[in-house]
Amino acid sequence: MTESDILEAQTNAQRARTAPRHVALIMDGNGRWAAKRGLPRFEGHRRGVEALRRTVRAAIKLNIGYLTVYSFSAENWSRPREEVESLLTLLHRFIRNDLAELHASNVRVRVIGARADLAPDISDLLREAEQMTQANSGLTLVVAFNYGARQEIAAAARALAEMVAQGRLRPEEIDADAIARRLDTADIPDPDLIIRTSGEQRLSNFLLWQAAYAEFVFLPILWPDFDEAALSAAIAEYAHRDRRFGGLEAAARSAKTAS
Ligand code: FPP
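Since the model is a prediction, treat every value here as computed from it, not as a measurement.

**Side note on the overall build of the protein**
Then step 1. A tally of regular secondary structure across the protein gives 9 helices and 6 strands.
Then step 2. When each of the 259 residues of the protein is scored for burial, the buried share is 43%.
Then step 3. Within the protein, residue pairs in contact and separated by at least 24 positions form 77% of the contacts whose partners lie at least 6 positions apart.
Then step 4. For the protein, the accessible area works out to roughly 13,800 Å², and carbon and sulfur atoms hold 52% of it.

Written as structure tokens, this is what we have:
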């Protein structure tokens with residue numbers, strides 16, 4: 001590590017201590033929200049999209065650089081066909097109805113997850129959202145769709161193995177950076193804060209690599225009830241955490257600098 005690498009890491013750590021640059025969300029609890037009200041699961045997901053809309057607006061207001069949302073996991077295809085279709089319909093509607101507002105708000109949309117097997121209407125839609133907003137410089141909204149972290153890491157490993165097989169890379173050149181550069185998130189900073197709603201406390205195959213130094217906030221509320229106040233409260237909790245990135249805690253760090 002050069003001196004400038006160390007300085008950059010310290011600056012990042014300092015910034016990350018106060019305000020998260022990248023917040024990632026596991027939007028969980030739509031089904032339970034609907035069940036509690038005797039409503040169909042679709043209604044929970046529909047209200048989930050409204051919560052997502054509110055949250056994007058709040059993230060812009062709070063000056064968050066990157067917001068990643070787990071909208072559909074690689075494992076969600078195993079849900080009943082009717083529910084999968086309703087989630088796909090909601091994604092369609094979200095992009096169709098909200099893309100103009102997102103674009104006008106200077107939001108850059110990025111999509112992570114496997115694209116190869118998606119129906120053309122969906123992959124066209126995702127591409128359109130990315131292309132239309134690619135030059136925007138405000139919030140980057142990363143939509144994780146058909147996303148699975150293990151699959152993402154396996155794809156990166158496969159790409160590196162192919163390069164080795166072709167003689168374009170030596171195995172000893174494979175380090176953490178080489179893998180990170182081949183993930184869907186290659187040009188996206190790691191999340192500082194990961195929030196999961198609904199009281200569950202697990203990652204469920206979300207950003208496993210990128211979460212190495214993330215802070216976690218697990219909220220008991222169900223996703224359709226999430227709002228700006230909940231986001232602000234999670235960020236306030238984050239601001240109290242001492243992020244060490246494998247180094248020293250803040251007090252020990254300043255004592256060391258002073259001596
Ligand atoms: C988890 O709730 C949520 C999902 C599986 C998907 C998240 C989707 C949305 C917020 C709406 C769709 C948004 C887009 C952009 C497609 P759950 O169904 O697992 O809830 P449960 O655990 O209470 O059953």
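Back to the write-up after that little detour.
**Focus on the sheet that holds strand E2 (residues 66-73)**
Then step 1. Within the open sheet, the 6 strands sit side by side as E3-E4-E2-E1-E5-E6. Their pairing is parallel. Sheet topology places strand E3 (108-112) and strand E6 (215-218) at the edges, where each strand pairs with a single neighbour. With direction set aside, neighbouring strand axes in the sheet form an average angle of 20 degrees.
Then step 2. The pairing of strand E5 (residues 193-196) with E6 spans 4 bridges and is parallel. Residue pairing for E6: Leu-193 is matched across the bridge by Glu-215.
Then step 3. Together, strand E1 (22-26), E2 and strand E4 (140-147) form the strand contacts of helix H3 (residues 41-61), whose direction differs from that of E2 by roughly 165 degrees.
Then step 4. On the sheet, helix H4 (residues 81-104) packs against E2, E3 and E4 and is oriented at approximately 160 degrees with respect to E4.

**Notes on the site of the ligand**
Then step 1. Not every one of the 19 residues close to the ligand is listed here, only the nearest: Met-27, Gly-31, Arg-32, Arg-41 and Arg-79.
Then step 2. Between the ligand and Asp-28, the relevant distance is 3.2 Å, taken from an oxygen atom to a side-chain nitrogen or oxygen of the residue.
Then step 3. Gly-31 places a polar main-chain atom, nitrogen or oxygen, 3.0 Å from an oxygen atom of the ligand.
Then step 4. Looking at the shell around the ligand, the elements with two or more residues in it are helix H2 (30-36), H3 and H4.
Then step 5. The leading source of residues in the shell around the ligand is H3, at 5 residues.
Then step 6. For the shell around the ligand, the class distribution of residues is 7 nonpolar, 7 polar and 5 charged.

**What about the packing of aromatic side chains?**
Then step 1. Applying the stated criterion across every chain yields a total of 8 aromatic pairs.
Then step 2. Taking the centre distance of 6.1 Å and the plane angle of 80 degrees together, the rings of Tyr-70 and Tyr-147 count as edge-to-face. Placement of Tyr-70 in strand E2 and of Tyr-147 in strand E4 is noted, with a sequence separation of 77 residues between them. Exposure class is identical for Tyr-70 and Tyr-147. Each is buried.
Then step 3. Centre to centre, the rings of Trp-223 and Phe-226 are 4.7 Å apart; their planes meet at 20 degrees, and the pair counts as stacked. Residues Trp-223 and Phe-226 agree in their burial class; the two are buried.
Then step 4. In this structure an aromatic cluster arises from ring pairing among Tyr-70, Tyr-147 and Phe-206.

**A word on the UniProt feature "active site" (unreviewed entry) in the protein**
Then step 1. Sites flagged by UniProt as "active site" (unreviewed entry) map to Asp-28 and Asn-76. Over a stretch of 49 residues, the named residues converge on one spot in the fold, their C-alpha atoms separated by at most 12.4 Å.
Then step 2. By relative accessible area, Asp-28 is classed as buried at 17%.
Then step 3. Among residues more than four places away in sequence, those in contact with Asp-28 are Arg-196, Thr-197, Ser-198, Glu-200, Leu-222 and Trp-223.
Then step 4. Here Asn-76 is to be found in the loop between E2 and H4.

Reading the values: rules and limits
Along each chain, numbering runs from 1 in the same order as the chain's sequence is written. The predicted nature of this model means local features are confined to residues of pLDDT at least 70 and side-chain atom pairs, given and counted, to a pLDDT of 80 or more, with totals for whole chains, interfaces and linings taken over all residues. Computation of side-chain values: all heavy atoms of the structure, hydrogens and water removed. Under the DSSP-based scheme used, a helix requires at least four consecutive residues in state H or I and a strand at least two consecutive residues in state E, with every element numbered from the N terminus. Throughout this description, buried means an accessible area under 20% of the type-specific maximum (1.4 Å probe, protein chains only), exposed means over 50%, and partly exposed covers the range between. Here, two residues are considered to be in contact whenever any of their heavy atoms come within 4.5 Å of each other. To measure how exposed things are, a 1.4 Å probe is used in the Shrake-Rupley method; for residues, cover is taken only from the protein chains shown. Note on pairing: two strands pair once DSSP finds at least 2 bridges between them. In this analysis, axes come from line fits to C-alpha atoms, helices being fitted only over the stretch in contact, and the angle between any two N-to-C directions falls in the range 0 to 180 degrees. We call a residue near a molecule or strand when any one of its heavy atoms sits within 4 Å of it. Any pair of nitrogen or oxygen atoms within 3.5 Å is treated as a polar contact; in protein, a donor-acceptor pairing is required on top of that, and neighbouring residues in sequence qualify only through side-chain atoms on both sides. Basically, the charged four are Asp, Glu, Lys and Arg, the nonpolar ten are Ala, Val, Leu, Ile, Met, Phe, Trp, Tyr, Cys and Pro, and anything else, Gly included, counts as polar. The rule is short: rings of Phe, Tyr and Trp, with Trp giving its six-membered ring, pair when the centres are within 6.5 Å, and they are stacked under 30 degrees, edge-to-face over 60, tilted in between. UniProt positions are given in the numbering used here, feature names are shortened, and annotations may be inferred rather than shown by experiment.

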